[in-house]
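Each chain, written out:
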Amino acid sequence: MPENPTRPDTATYLTARGFCLTSAAWMMLATLVGFTAAIELVAPDLTGNISWLLFSRLRPMHVNLVLFGFATPALLACAFYMVPRLLRTGLYSERLGVITVVLWNIALVALVITLALGVTQGREYAEMIWPIDVGIVVAFSLIFFNFMMTVKNRKEKILYVSVWYVLAGTILTACTYSLGNVIWQPDSGALVGIPDAILLWFYGHNVFGLLLTPFSAAIAYYIIPQVCRTPLYSHTLSLLGFWALIVIYTHIGTHHLLQVPVPTWLKVVAIVDSIAMVIPVMAFLINIWYTARGKLGLISEDIGGKFVFTGTIMYFIVSIRGSMMALPDVQRVTHFSHWVVGHAHVGVLGFAGMIALGGVYFILPRITGKPLYSQFLANFQYWMILIGVVGFTIVLTISGLIQGNAWLNGETVYRVLPQIHIYNIVRASLGLLIFLAAVSGFYNIFRSLISNPGETS
Amino acid sequence: MYYPFFLAYILTGLIIGITVFVWALKTGQFSDQQRARFLALEETTPQAPSAKVGRDLYCVLYLGFAAVAASFVLVGYALFFR
Ligand code: HEM
């Protein structure tokens, strides 16, 4: 097959560049849509009856764009840089990679148009209609093929833990995406009744657990030792964490359905394994934090490292919080409230998003051979997102507890809404920070890749 | 009737998982862990001699595609024979 530079340093990194731009561009739209939806929670009548601006259309658009438009492409960009380097070879096919980027963007355009028109299958995280589903599965399959062939051509015998994570994340997503979207039922994209709910949340949870988490962990394992200029604390521990994640994460989807009449044994499995998630989570965090011990100065000087390290702290928060939320007594209060939304933002933006951006800022100077266009803008983005996501966590947790308690006590909705109004306002303001961060990030990434005035090193 | 599908998927997943694990064990992925710690630090890693592992990898690739093929068979079954 095509060009296949055997040395990684002769590579063009076109695929990584393409995914960087994809992520930066779609992050703007994703956060703009989220921001608009947040305003509608404050002022529900704002957009009147414009159908494609209704909350019910904005919400799935926001969620899917964040997952598949912003986070995943940035993680993939980093993977396309990191995997060949870790294997001491070139990417199998840059051309195939670029085709994947194009396919990915076509799917995203189709996603926005269909969801805006209200053409949806109405299942959370699986809203996209069948042709888009097929596009996404094909994209993941192509990526897996490209990576596997790179592995085959490798010059380094041992697969570093990051390679394990990336390979598993890619193929497992291809499989669970097909399964969760019930791709064999093109019309409805659904099974019937309770089995559908179980299948959907098996998939839904795997989006975080077998896509975002493994890719983010892979990037942290790659970047933190480099930034700290020290070897990984323990590679054995990292592999233990990897296998534990694969075994445990796949079982916990039903913790989203604790208030639903699914079989009790399945709930028990989900709850027990949600607590057991402490094992892979702490195996990862202990490893990363011990590697970084005494090196925080180096991390704070490197914008990529800073994003990634902050992401690992967010991972701690989201996981501890997640394990607690899986306890039925806790979830009786927190379910269907802003608390869960708070958890989702610490996870997807604070953990996966931060690490994804860290990955992008880490690889940009390395793939262009020039310094980042603006350190200031990257730092600006870091602080805006940090303030935004910590703020989100605080206000959404508080308003979630108000909502949850009110519901538990049988309060009527119209008495609760005024109580959480102020939190919705703060939340929308914080959303503005994140949208601004996305715009400045796009400008910075665009200028770093294209028309970068910096000296080539 | 969804149990056969769920069971088939669980079994496929289990078999592939175990096979990959055994492959890793056999090809020494769990040995030489001290050197593996240095792999992310590119400059300091000694260049490893190129390894001949082609056939094993084809097996893993094959297994990956077997999973996809299994899915297709199930899909076909669900579409046409149910
Ligand atoms: C050990 C780790 C984790 C556990 C045990 C856990 C547990 C949970 C539970 C129990 C829920 C459902 C809450 C409810 O509906 O009442 C939930 C929701 C959610 N989690 Fe996690 N979580 C973990 C990590 C993560 C991570 C790392 C991410 C993101 C990368 C994440 C993203 C989400 C999202 C987006 C939702 C909202 C789902 C929805 O739309 O309803 N979680 N989590």
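Preceding block: the structure.
Residues numbered from 1 in each chain as written. Chains lettered and ligands numbered in written order. Predicted model: local features only at pLDDT ≥ 70, side-chain atom pairs only at ≥ 80, totals over all residues. Heavy atoms only, no water.

Here we take up the overall build of chain A. Each helix and strand counted, chain A has 15 helices and 0 strands in total. Here chain A has a C-alpha radius of gyration of 21 Å; the compact-globule value for 457 residues is 23 Å, and the two agree. For chain A, the C-alpha atoms occupy an extent of roughly 65 × 50 × 45 Å along the three principal directions. In chain A, which comprises 457 residues, the share counted as buried stands at 62%. Counted over contacts in chain A with a minimum sequence separation of 6, partners at least 24 positions apart contribute 84%. Put simply, chain A shows about 16,600 Å² of open surface, and 70% of that area lies on carbon and sulfur atoms. Distance between charge centres in chain A, computed from 24 positive and 17 negative side chains, equals 9 Å. (Helix = DSSP H or I, 4+ residues; strand = E, 2+ residues; numbered from the N terminus. Rg over C-alpha atoms; globule rule 2.2 N^0.38 Å. Buried < 20%, exposed > 50% of the residue type's maximum accessible area, 1.4 Å probe, protein only. Contact = heavy atoms within 4.5 Å. Areas by Shrake-Rupley, 256 points an atom, 1.4 Å probe, with all protein chains shown as cover. Lys, Arg positive; Asp, Glu negative; His and termini not counted. Charge placed at Lys NZ, Arg CZ, Asp CG, Glu CD.)

From the protein, the iron atom of the ligand takes a single donor atom, A:His343 (NE2), 2.0 Å away. By the secondary structure assignment, A:His343 is in helix α13 (residues 338-368). (Donors = N, O, S within 2.8 Å, 3.2 Å for Na, K, Ca; no water.)

Residues and elements named next belong to chain A. As a matter of local geometry, the ligand sits amid 26 residues, with Glu124, Tyr125, His335, His343 and Ala344 nearest to it. Contact between the ligand and Gln331: an oxygen atom at 3.5 Å from a side-chain N or O atom of the residue. Take His343: an N or O atom from its side chain is 2.9 Å from a nitrogen atom of the ligand. Every element with two or more residues in the shell around the ligand is listed here: α6 (194-228), α11 (303-325) and α13. Grouping the amino acids of the shell around the ligand by side-chain chemistry returns 14 nonpolar, 11 polar and 1 charged. (Near = heavy atom within 4 Å. Polar contact = N/O pair within 3.5 Å; in protein donor to acceptor, adjacent residues only side chain to side chain. Nonpolar A, V, L, I, M, F, W, Y, C, P; charged D, E, K, R; others polar.)

Contact residues are listed per partner, giving 36 residues for chain A and 39 residues for chain B. A buried area of about 3,500 Å², summed over both sides, lies between chain A and chain B, and 69% of it is on carbon and sulfur atoms. Of all residues in chain A, A:Arg88, A:Ile158 and A:Trp184 give up the largest surface area on contact with chain B, accounting jointly for 17% of the area buried on that side. Inspection of the chain A/chain B interface yields 1 salt bridge. Between A:Glu156 and B:Arg35 there is a salt bridge, with its nearest N and O atoms 2.7 Å apart. Counting across the chain A and chain B interface gives 9 residue pairs in polar contact (both at pLDDT 80 or more). For the side of chain A that touches chain B, the secondary structure elements donating two or more residues are α2 (55-86), α4 (130-152), α5 (161-180), α6 and α7 (235-249) of chain A. Along the lines of polarity and charge, the residues of the side of chain A that touches chain B split into 22 nonpolar, 6 polar and 8 charged. (Buried area = accessible area lost by both parts, 1.4 Å probe. Salt bridge = Lys/Arg side-chain N within 4 Å of Asp/Glu carboxyl O.)

In this section: the packing of α7(A) against helix α9 (residues 278-292) of chain A. All names here are of chain A. Here α7 crosses α9 at 155°, and the two axes come no closer than 8 Å. The orientation of α7 with respect to α9, classified from their angle, is roughly antiparallel. Here α7 runs over α9; the crossing is left-handed. Between α7, through Leu237, Ser238, Gly241, Ala244, Leu245 and Ile248, and α9, the contact on the second element is made entirely by Ile279, Pro280, Ala283, Ile286 and Asn287. Looking at the contact of α7 with α9 residue by residue, the class counts come to 8 nonpolar, 3 polar and no charged. (Axes fitted to C-alpha atoms, helices over the stretch in contact; angles between N-to-C directions. Parallel < 35°, antiparallel > 145°, perpendicular 65-115°, else oblique. Left-handed = near helix turned anticlockwise from the far one by under 90°.)

Residues and elements named next belong to chain A. Under the defined criterion, the tally for this structure stands at 31 aromatic pairs over all chains. Relative to Tyr222, the ring of Tyr81 lies with its centre 6.4 Å away and its plane at 65°, an arrangement referred to as edge-to-face. Note that Tyr81 is positioned in helix α2 and Tyr222 in helix α6, a separation of 141 residues in sequence. Across the pair, exposure class does not vary: Tyr81 and Tyr222 are buried alike. Residues Tyr233 and Tyr290 carry aromatic rings whose centres are separated by 4.7 Å and whose planes lie at 20° to one another, so their mutual orientation is stacked. In this pair, Tyr233 sits in the loop between α6 and α7 while Tyr290 sits in helix α9, placing the two residues 57 residues apart along the sequence. Using a relative accessible area of 38% as the deciding quantity, one classes Tyr290 as partly exposed. (Phe/Tyr/Trp six-rings, centres within 6.5 Å; stacked < 30°, edge-to-face > 60°.)

Here we take up the nonpolar core. If you look at the biggest cluster of nonpolar residues, it comprises 159 residues, and the most contacted ones within it are A:Leu67, A:Phe147, A:Trp164, A:Leu212, A:Tyr315, A:Ile363 and A:Leu364. With 21 residues, α6(A) is the single largest residue contributor to this core. Residues in contact with A:Trp164, not counting those within four places in the same chain, are A:Leu159, A:Leu239, A:Phe242, A:Trp243, B:Val20, B:Trp23, B:Ala24 and B:Gln29. (Core = buried A, V, L, I, M, F, W, Y, C linked by side-chain atoms within 4.5 Å.)

Attention now goes to helix α14 (residues 375-408) of chain A. Residue and element names in this part refer to chain A. Its 34 residues give α14 an end-to-end C-alpha distance of 48 Å, which sits within 8% of 50 Å, the value for a rise of 1.5 Å per residue. One side-chain oxygen of the residue at the start of α14 lies 3.3 Å from the amide nitrogen of Phe376, identifying that residue as Ser374. Directly after α14, the chain includes Gly410, whose backbone phi takes a positive value near 75°. (Expected span 1.5 Å × (residues − 1).)

Just geometry here; none of it tells us what the structure is for.
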